[in-house]
Amino acid sequence: MTFANPAGNAAAAAAGYTRAILAVLGNRDPLIVAGELISWLERRTAGLDDAILRRPEAPGKWSALEVVQHLADTEVVYAWRTRQILTLDQPAIQGYDQDAWARVLSYGAADLSVALGQLRGVRTANLALWRSLTPAQLARVGVHSERGPESLDLIIRMMGGHDLVHRRQIDRVLSAAGVAPR
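Owing to the predicted nature of the structure, the values given are computational and were not obtained by experimental measurement.

Draft legend 1. Structural view of the environment of threonine 45. Considering the arrangement of structural elements, one finds threonine 45 in helix H2 (residues 30–45). Separated by 137 residues in sequence, threonine 45 and arginine 182 have C-alpha atoms that sit 9.3 Å apart. A distance of 2.7 Å separates the side chain of threonine 45 from the backbone oxygen of leucine 41, its partner in a polar contact.

In structure tokens form, the structure reads like this:
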């Protein structure tokens, strides 16, 4: 399954997007999946030529490097949302246009080591926090602007599915560039 989450249709597609992301995760523990991401990305991108990392799968699609930068920026979003939900009573959780972020924040000009460093730092902090949460904290809710009420437990499970979706995407992008899976 190929995922698209265009901002213009986000509210209408919200329930289907959530179901699809959770289906990719299946019965896997999202914190284990989250803990695998950095080493998976490092193995998958090690030694690859910069031109390969910057080559999109197709016109208008992201390159592997753009996907890594998306993962790094999304981790900042997860960090903020988690902390808002833990400290406020049902805070508003604003959705965002990932394609606008990619365009305005110049994902195409990203540096792999910087993107991985950002992701490593924020993911490490998030994992420590998520692993420490009590059932009552995991049940706390924020109200997403497109998807409605979401518990921290749901957000963490969606994050695990999101990681797996983008791992598949990177495999697909690199395969299109002639790079075999590692």
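What follows continues from the structure just given.
Draft legend 2. Broad picture of the packing of helix H4 (residues 64–87) against helix H8 (residues 152–176). It is the contact of H4 with H8, at a shortest axis distance of 10 Å, that shows an interaxial angle of 175°. What the angle tells us is that H4 and H8 run roughly antiparallel. Residues Ala64, Val67, Val68, His70, Leu71, Thr74, Tyr78, Thr82, Ile85 and Leu86 of H4 form the contact with H8, whose participating residues are Leu152, Ile155, Met158, Met159, His162, Asp163, His166, Gln169, Ile170, Val173 and Leu174. Looking at the contact of H4 with H8 residue by residue, the classes come out as 14 nonpolar, six polar and one charged.

Draft legend 3. Spatial organisation of the pairing of strand E3 (residues 148–151). As judged from the four bridges shared by strand E2 (residues 141–144) and E3, these two strands associate in the antiparallel manner. Bridged to glycine 142 within E3 is glutamate 150. Between the antiparallel neighbours E2 and E3 lie three residues.

Draft legend 4. How the structure looks around the nonpolar core. Leu41, Val68, Leu119, Ile170 and Leu174 are the most contacted members of the largest nonpolar core, which totals 26 residues. Only H2, helix H3 (50–53), H4, helix H6 (112–132) and H8 provide two or more residues apiece to this core. Per-element tally for this core: the top contributor is H4, with six residues. Valine 68 has contacts with Leu41, Leu112, Ala115, Leu116 and Ile170, leaving out every residue within four places of it along the chain.

Draft legend 5. The environment of aspartate 50, seen in detail. Relative to the elements of secondary structure, aspartate 50 occurs in helix H3. Placed 50 residues apart in sequence, aspartate 50 and alanine 100 show a C-alpha to C-alpha distance of 23 Å. In this structure the side chain of aspartate 50 is engaged in a polar contact, spanning 2.7 Å, whose partner is the side chain of arginine 54.

Basis of the calculations
Residues numbered from 1 in each chain as written. Predicted model: local features only at pLDDT ≥ 70, side-chain atom pairs only at ≥ 80, totals over all residues. Heavy atoms only, no water. Helix = DSSP H or I, 4+ residues; strand = E, 2+ residues; numbered from the N terminus. Polar contact = N/O pair within 3.5 Å; in protein donor to acceptor, adjacent residues only side chain to side chain. Axes fitted to C-alpha atoms, helices over the stretch in contact; angles between N-to-C directions. Parallel < 35°, antiparallel > 145°, perpendicular 65-115°, else oblique. Contact = heavy atoms within 4.5 Å. Nonpolar A, V, L, I, M, F, W, Y, C, P; charged D, E, K, R; others polar. Pairing = 2+ DSSP bridges. Core = buried A, V, L, I, M, F, W, Y, C linked by side-chain atoms within 4.5 Å. Buried < 20%, exposed > 50% of the residue type's maximum accessible area, 1.4 Å probe, protein only.

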